[in-house]
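Now for the letters of each chain:
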Amino acid sequence: MKRDIEWAKKGLEDLDRLEQINAKRILRKINTLKEFISSDIKRLAGSNSFRLRVGNYRIIFEIDGRIINILRIGHRKNIY
């Protein structure tokens, strides 16, 4: 099932702050979410959100039917 990606304002701001090499890795991983759900995904406790691991970075997102909404992106020490 092909999914659509939507970005929250904060998610785009987080992406813009990253070094270019990390931003590219994260964008590639997000694009794979369109096709299938990775095994690196875990549900966040007490929330409807999920996290996707990309090295030392985490992508926080929600799934609403066919739409994946990217909420936040950040280093694992600072994102939770």
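Above this text you will find the structure in question.
Since the model is a prediction, treat every value here as computed from it, not as a measurement.

Conventions used here
Residues numbered from 1 in each chain as written. Predicted model: local features only at pLDDT ≥ 70, side-chain atom pairs only at ≥ 80, totals over all residues. Heavy atoms only, no water. Helix = DSSP H or I, 4+ residues; strand = E, 2+ residues; numbered from the N terminus. Rg over C-alpha atoms; globule rule 2.2 N^0.38 Å. Buried < 20%, exposed > 50% of the residue type's maximum accessible area, 1.4 Å probe, protein only. Lys, Arg positive; Asp, Glu negative; His and termini not counted. Charge placed at Lys NZ, Arg CZ, Asp CG, Glu CD. Salt bridge = Lys/Arg side-chain N within 4 Å of Asp/Glu carboxyl O. Polar contact = N/O pair within 3.5 Å; in protein donor to acceptor, adjacent residues only side chain to side chain. Contact = heavy atoms within 4.5 Å. Expected span 1.5 Å × (residues − 1). Arc of directions from axis to C-beta.

A. Examining the overall build of the protein chain more closely. Across its full length, the protein chain carries two helices and five strands. Shown N-terminal to C-terminal, the secondary structure of the protein chain runs as helices and strands in the order β-α-α-β-β-β-β. A compact globule built from 80 residues should have a C-alpha radius of gyration of about 12 Å, and the protein chain, at 12 Å, falls within 12% of that. Expressed along its principal axes, the backbone C-alpha trace of the protein chain runs to roughly 30 × 25 × 25 Å. Among the 80 residues that make up the protein chain, the fraction classed as buried is 36%. In the protein chain, 19 side chains carry a positive charge and 10 a negative one; their mean positions are 7 Å apart.

B. Expanded view of the side chain of arginine 58. Within the fold, arginine 58 resides in strand S4 (residues 57–64). Although arginine 58 is buried, it forms no salt bridge, and the closest oppositely charged side chain is aspartate 40 at an N-O distance of 8.6 Å. A distance of 2.8 Å separates the side chain of arginine 58 from the backbone oxygen of glycine 55, its partner in a polar contact. Those residues in contact with arginine 58 that lie beyond four places of it in its chain are Arg51, Leu52, Arg53, Arg72, Ile73, Gly74, Arg76, Ile79 and Tyr80.

C. Representation of helix H2 (residues 20–33) in the model. A rise of 1.5 Å per residue sets the reference length of H2, with its 14 residues, at 20 Å; its end C-alpha atoms lie 20 Å apart and thus fit the reference within 8%. Taken residue by residue, H2 has Asn22, Ala23, Ile26, Ile30 and Leu33 as its buried positions. For H2, the buried positions fall inside an angular range of 95° around the axis, keeping them on one side. In H2, the exposed residues that point more than 90 degrees away from the buried face are Gln20, Ile21 and Arg28. Taken together, the buried residues of H2 touch strand S1 (4–7), helix H1 (9–17), strand S2 (41–43), strand S3 (50–54), S4 and strand S5 (67–75).

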